[in-house]
Amino acid sequence: MRLLLSFVLTFCFVHAKHEMYDGHSLFKIKIQDEKQMKYLYSLAEVLDLDVWVLPFPGNDAAVLVSKESNEPFRSELSEYGFEFQIETDNIKRALDLEDTLNEKALRKNHFKSGYRGKIGFDRIYKLSEVDSYLETLAESYPNTVTLVNAGKSFEGRDIKYLKISSTNFQDVRKPIVFVESLLHAREWVTLPPTLWAIEKLVVNVTESDLIDTIDWIILPVANPDGYELTHNEDRFWRKNRATGFVPGDFCVGVDLNRNFDIKWGSGSSSSVCSEIFHGSRPSSEPETVIISRIMEEYRNRIDLFIDLHSYGSMILYGWGSGDLLPNAFSLQQIGLNMAKAIDDMKLIFNENYTVGNAGLVLYPASGTAMDYANRFNIPFSYVYELPGSIFGTGLSGFLIEPELVEHYAKETWEGIKTGARNVRDLLGR
Ligand SMILES: *[C@@H]1O[C@H](CO)[C@@H](O)[C@H](O)[C@H]1NC(C)=O
Ligand SMILES: *[C@@H]1O[C@H](CO)[C@@H](O)[C@H](O)[C@H]1NC(C)=O
Ligand SMILES: [Zn+2]
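Residues numbered from 1 in each chain as written. Chains lettered and ligands numbered in written order. Predicted model: local features only at pLDDT ≥ 70, side-chain atom pairs only at ≥ 80, totals over all residues. Heavy atoms only, no water.

Participant: Can you walk me through the overall build of the chain in this structure?
Facilitator: Summing up its helical and strand segments, the chain has 13 helices and 12 strands in all. Projecting the C-alpha coordinates of the chain onto the three principal axes gives extents of approximately 60 × 60 × 45 Å. Of all 429 residues assigned to the chain, the portion counted as buried reaches 57%. Counting only contacts in the chain whose residues sit at least 6 apart along the sequence, the fraction spanning at least 24 positions is 75%. Split by element, the accessible area of the chain, about 18,300 Å² in all, is 53% carbon and sulfur. (Helix = DSSP H or I, 4+ residues; strand = E, 2+ residues; numbered from the N terminus. Buried < 20%, exposed > 50% of the residue type's maximum accessible area, 1.4 Å probe, protein only. Contact = heavy atoms within 4.5 Å. Areas by Shrake-Rupley, 256 points an atom, 1.4 Å probe, with all protein chains shown as cover.)

Below is the structure:
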């Protein structure tokens, strides 16, 4: 009886976790023209919907709709002649399944030997595990790895990055490549590639030119407060956890990728409740300041910045407004080379990557980390949008199957490596 009770309690605990998403449906909506695109944007605003894949003509938008908004949304769509289907009628089931699979992977490897903080590619690791991995590496490889504690997040968590170099960052002829993941908390699939980069640059070096001729800055968890929340309470949290904007903190969090001090406020929202809330002023958030400082400190040596996001299988470059940079041609060429390196080993059910200007391919956005790098004339700055998940039913794109973690780590690394070598060879310091 006690056993049964504890089973029931465990079951309830796990399944109580995603209660807030109970009954939320995921809609896939065909967008035929600009008019439909604009209308869907306005509907999203009015009904407070979470837009997962943004609408643009010729594309299918994905929108998460709460139980309450389901009926009104559906009738609006029908009335305005949208073609749509419901991909997932209750997203909570997919969330529960993701938990179950991650827990299974955790149990499977729990008794494997290994030094403290060893990281694997069998599941998505939590912040505390990533932190202790970074610390262990810095202790074990003092000649190549420097752990930098760059400052604290809004809620006071440390933001840590690694400097990886065979010459202790002293050789100014070497370009620096800066890669970051998890600026958006729910984009879990972006973490394994940065951990894999560390593995291949430090632990198991099989291509020594990457470390002999290039210095690396790797920041795996750019938004630790949000990331922690996605593991504990709200799997689909995107922003940081800044508070104090509205009485009672009814809505919290700033979209860090709209908060950078570059064309701030033109392609973002001033509404706290929005997923793309840009904050009270440029660089208002400690996480933004920390990343900005890294770029500023190494502005003369960073030749490539890659900000990992998900999802959509895209490689994008600035400006986020749709305006092109003077080196747009090279940006496109190297973007295509990186995309091809990934496509060459992609999973068969994924599409090839699309390459282009962020504002033209996707949608105009301002205050992004990508654009901030351009402000310092860092010559090659990209966003990767990693593939969406095939998890469970259809488009639940932010979820990740543990069994695919290692593959995404490897294929994304192919792209990063190609970019690093291309940029090194093109610019030749
Ligand atoms: C090191 O990396 C190579 C190439 O990626 C791989 O074949 C090999 O199994 C790895 N070795 C270890 C010990 O992980
Ligand atoms: C996808 O990319 C692969 C590898 O670069 C290429 O061989 C293939 O033709 C591409 N497929 C499409 C449909 O473009
Ligand atoms: Zn993102």
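Alright, that's what it looks like, and here's the rest.
Participant: Even after reading the chapter, I still don't get the sheet that holds strand β2 (residues 50–53), so can you show me in this structure?
Facilitator: Adjacent strands of a sheet pair through backbone hydrogen bonds, lying either parallel or antiparallel. Read from one edge of the open sheet, four strands run β2-β3-β1-β4, paired in antiparallel fashion. Each of the sheet's edge strands pairs with one partner strand only, and the pair in question is β2 and β4 (83–88). In this sheet, adjacent strand axes meet at a mean angle of 30 degrees when their direction is disregarded. Both β2 and strand β3 (residues 60–65) contribute to a ladder of three bridges, which runs antiparallel. Bridge pairing in β3 links Val53 to Ala62. (Pairing = 2+ DSSP bridges. Axes fitted to C-alpha atoms, helices over the stretch in contact; angles between N-to-C directions.)

Participant: Whenever I open this one, the coordination of the zinc ion (ligand 3) confuses me. Can you help?
Facilitator: Every protein donor of the zinc ion (ligand 3) is listed here as His184 (ND1), Glu187 (OE), Glu187 (OE) and His309 (ND1), and their distances to the metal cover 2.0 to 2.4 Å. Coordination geometry of the zinc ion (ligand 3): the four donor atoms subtend angles of 57 to 145 degrees at the metal centre, consistent with an arrangement described as irregular. Read N to C, the donor residues that coordinate the zinc ion (ligand 3) are spaced as H-x2-E-x121-H. Pair noted here: His184 is in the loop between β7 (176–180) and α6 (191–203) and His309 is in strand β9 (residues 302–310), with a separation of 125 residues, a long-range link. There is no split in this pair, since His184 and His309 are both buried. (Donors = N, O, S within 2.8 Å, 3.2 Å for Na, K, Ca; no water. Tetrahedral: all angles 85-135°; square planar, octahedral: opposite > 155°, others 65-115°.)

Participant: Even after reading the chapter, I still don't get the packing of helix α10 (residues 328–343) against helix α13 (residues 405–427), so can you show me in this structure?
Facilitator: Each pair of packed helices gets described by two things: the angle between the helix axes and the distance between those axes. One way to put it is that α10 packs onto α13 with a least axis distance of 7 Å and a crossing angle of 145 degrees. Handedness of the α10/α13 crossing: right-handed. Contact residues: α10 offers Ser330, Ile334, Asn337, Met338, Ala341 and Ile342, while α13 offers Glu411, Thr412, Glu414, Gly415, Thr418, Gly419, Asn422, Val423 and Leu426. Classifying every residue of the contact of α10 with α13 gives six nonpolar, seven polar and two charged. (Left-handed = near helix turned anticlockwise from the far one by under 90°. Nonpolar A, V, L, I, M, F, W, Y, C, P; charged D, E, K, R; others polar.)

Participant: Explanation requested: the site of ligand 1 in the structure shown.
Facilitator: Taken together, Lys200, Asn204 and Thr206 are the residues near ligand 1. Between ligand 1 and Lys200, the relevant distance is 2.8 Å, taken from an oxygen atom to a side-chain nitrogen or oxygen of the residue. In the environment of ligand 1, an oxygen atom lies 2.4 Å from a nitrogen or oxygen atom belonging to the side chain of Asn204. Protein chains shield 27% of the accessible area of ligand 1, which is 360 Å² for the free molecule. (Near = heavy atom within 4 Å. Polar contact = N/O pair within 3.5 Å; in protein donor to acceptor, adjacent residues only side chain to side chain.)

Participant: I'm lost on the nonpolar core in this one. Help?
Facilitator: If you look at soluble globular proteins, the nonpolar side chains tend to sit buried side by side. Grouped together as the largest cluster of nonpolar side chains are 84 residues, with contacts concentrated most on Trp216 and Met295. In this view, Met295 contacts Phe178, Ile302, Phe305, Ala369, Tyr372, Ala373, Phe376 and Ile378; residues no more than four positions away in its chain are not counted. Membership of the second largest hydrophobic core comes to 14 residues, among which are Ile29, Leu40, Phe73 and Phe82. (Core = buried A, V, L, I, M, F, W, Y, C linked by side-chain atoms within 4.5 Å.)

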